[in-house]
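These are the residues of each chain, in order.
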Amino acid sequence: MEALINFILQFGDLNKQQIDFLLSKVETLEFKKNDYLSEAGKVPRYVAFVLEGVFRFCYYNNKSEEITNYFVDEGNFVVDNERFESQIVASEYVQAVTDCKVLAFNKKDWDEISDTIVGWEMMKAKMVKKCLTLAMERRSPLVSEDATTRYLSFIEAFPNLINRIPLSYVASYLGVTQQSLSRIRRNIR
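Since the model is a prediction, treat every value here as computed from it, not as a measurement.

### A closer look at the packing of aromatic side chains
Consideration 1: Tallying each qualifying case throughout the model produces 18 aromatic pairs.
Consideration 2: When the centroid spacing of 6.1 Å and the interplanar angle of 65 degrees are considered together, the rings of tyrosine 70 and phenylalanine 158 count as edge-to-face. With a gap of 88 residues between them, tyrosine 70 in strand β5 (residues 66-72) and phenylalanine 158 in the loop between α6 (147-157) and α7 (167-174) connect regions that are remote in the sequence.
Consideration 3: The class of tyrosine 70 is buried, set by a relative accessible area of 12%.
Consideration 4: The class of phenylalanine 158 is buried, set by a relative accessible area of 1%.
Consideration 5: Seen in terms of ring centroids, phenylalanine 71 and phenylalanine 154 are 5.9 Å apart; in terms of plane orientation they differ by 70 degrees. Their pairing is edge-to-face. Pair noted here: phenylalanine 71 is in strand β5 and phenylalanine 154 is in helix α6, with a separation of 83 residues, a long-range link.
Consideration 6: Residue classification places phenylalanine 71 among the buried residues on the basis of a relative accessible area of 0%.
Consideration 7: The exposure class of phenylalanine 154 is buried, given its relative accessible area of 1%.
Consideration 8: An aromatic cluster is defined as three or more aromatic residues linked by ring pairs; in this entry it consists of Phe7, Phe11, Phe49, Phe77, Phe105, Trp110 and Trp120.

### Side note on the environment of isoleucine 155
Consideration 1: Locating isoleucine 155 in the fold gives a position in helix α6.
Consideration 2: Along the sequence, isoleucine 155 and glutamine 17 sit 138 residues apart, while their C-alpha atoms lie 41 Å from each other.

### Notes on the sheet that holds strand β8 (residues 100-106)
Strands belonging to one sheet form pairs held by backbone hydrogen bonds; the direction of such a pair is parallel or antiparallel.
Consideration 1: Pairing is antiparallel across the open sheet formed by 4 strands, whose spatial order is β1-β8-β3-β6. At either margin of the open sheet sits one strand with a lone partner, and together these are β1 (27-31) and β6 (77-78).
Consideration 2: Where β1 and β8 come together, 5 bridges link them in antiparallel fashion. Its bridge partner lying in β8, glutamate 30 is registered against lysine 101.
Consideration 3: Of the strands in this sheet, β3 (46-52), β6 and β8 touch helix α4 (residues 107-116), which is tilted by about 65 degrees from β8.

### Some thoughts on the pairing of β5
Consideration 1: Buried residues dominate β5, accounting for 5 of its 7 residues.
Consideration 2: Relative to β5, strand β4 (residues 55-60) is paired through 6 bridges, and the arrangement is antiparallel. Among the inter-strand pairings, phenylalanine 57 is bridged to a residue of β5, identified as tyrosine 70.
Consideration 3: The turn joining β4 and β5, which pair antiparallel and follow one another in sequence, is formed by 5 residues; a positive phi near 60 degrees is taken by serine 64.

### Let's talk about the sheet that holds β4
Consideration 1: If you trace the 4 strands from one edge of the open sheet to the other, you get β2-β7-β4-β5, paired in antiparallel fashion. In this open sheet, the two edge strands, each paired with only one partner strand, are β2 (36-38) and β5. Each strand axis lies, on average, 30 degrees off the axis of its neighbour in the sheet, ignoring direction.
Consideration 2: The strands that α7 touches are β4, β5 and β7 (93-96); relative to β5, the one it contacts most, it runs at about 100 degrees.

### Topic: the pattern of salt bridges
Consideration 1: What the rule picks out here adds up to 12 salt bridges.
Consideration 2: The salt bridge involving lysine 108 is made with aspartate 109; its shortest N-O contact spans 3.8 Å.
Consideration 3: Shared partners join several salt bridges into a network, and the residues in it are Glu85, Lys107, Asp111, Glu121 and Lys124.

### With respect to the nonpolar core
Across soluble globular proteins, you tend to see nonpolar side chains buried next to one another.
Consideration 1: Core analysis: the largest hydrophobic core is formed by 33 residues, its most contacted members being Phe55, Phe71, Val78 and Phe154.
Consideration 2: With 5 residues, α7 is the single largest residue contributor to this core.
Consideration 3: Residues within four places of phenylalanine 154 in sequence aside, it is in contact with Phe71, Ile162, Ile165, Val170, Tyr173 and Leu174.
Consideration 4: Formed by 22 residues, the second largest nonpolar core is a distinct cluster that contains Phe7, Val47, Val79 and Leu103.

Definitions and cut-offs
- Residues numbered from 1 in each chain as written.
- Predicted model: local features only at pLDDT ≥ 70, side-chain atom pairs only at ≥ 80, totals over all residues.
- Heavy atoms only, no water.
- Phe/Tyr/Trp six-rings, centres within 6.5 Å; stacked < 30°, edge-to-face > 60°.
- Helix = DSSP H or I, 4+ residues; strand = E, 2+ residues; numbered from the N terminus.
- Buried < 20%, exposed > 50% of the residue type's maximum accessible area, 1.4 Å probe, protein only.
- Pairing = 2+ DSSP bridges.
- Contact = heavy atoms within 4.5 Å.
- Axes fitted to C-alpha atoms, helices over the stretch in contact; angles between N-to-C directions.
- Salt bridge = Lys/Arg side-chain N within 4 Å of Asp/Glu carboxyl O.
- Core = buried A, V, L, I, M, F, W, Y, C linked by side-chain atoms within 4.5 Å.

Shown next, in the form of structure tokens:
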């Protein structure tokens, strides 16, 4: 709980009563490896703060190939925010890559926090902006670089993930085959 509160307090001030109210709305959930926090074709049910583990955002392209779009690890919120807020059907999956433990808010409680805590909307907007900026910083250079540079950028952006997630997900994220990724890894050792 402390990690969640410390994260939130980066974006504004809350008094003890507001913190207690916020914490009264959160539930601890656990996801086993490969479970889904959110699924394509369904309305996302939670916004969650990751205490332990790694999630990935993924989708299937028109060739039915699974594409990993992004990773979220400890100390960050994980949510398909636009679809969660609008309560519309998601177009991608949010899947546990490892066993995960989160502090989760359902839509009703998340809205109740906004209705009760003065300034929460502004804090929430700042949190979303930080998460989106981080996502773009971690993702955008991957588009125009060669595969080796993309891999090195991945290691720099996600230093704690390389030994925690399957290489097939890393390859998918980088837009290379698993064989190519193995070759790249051999060449830079």
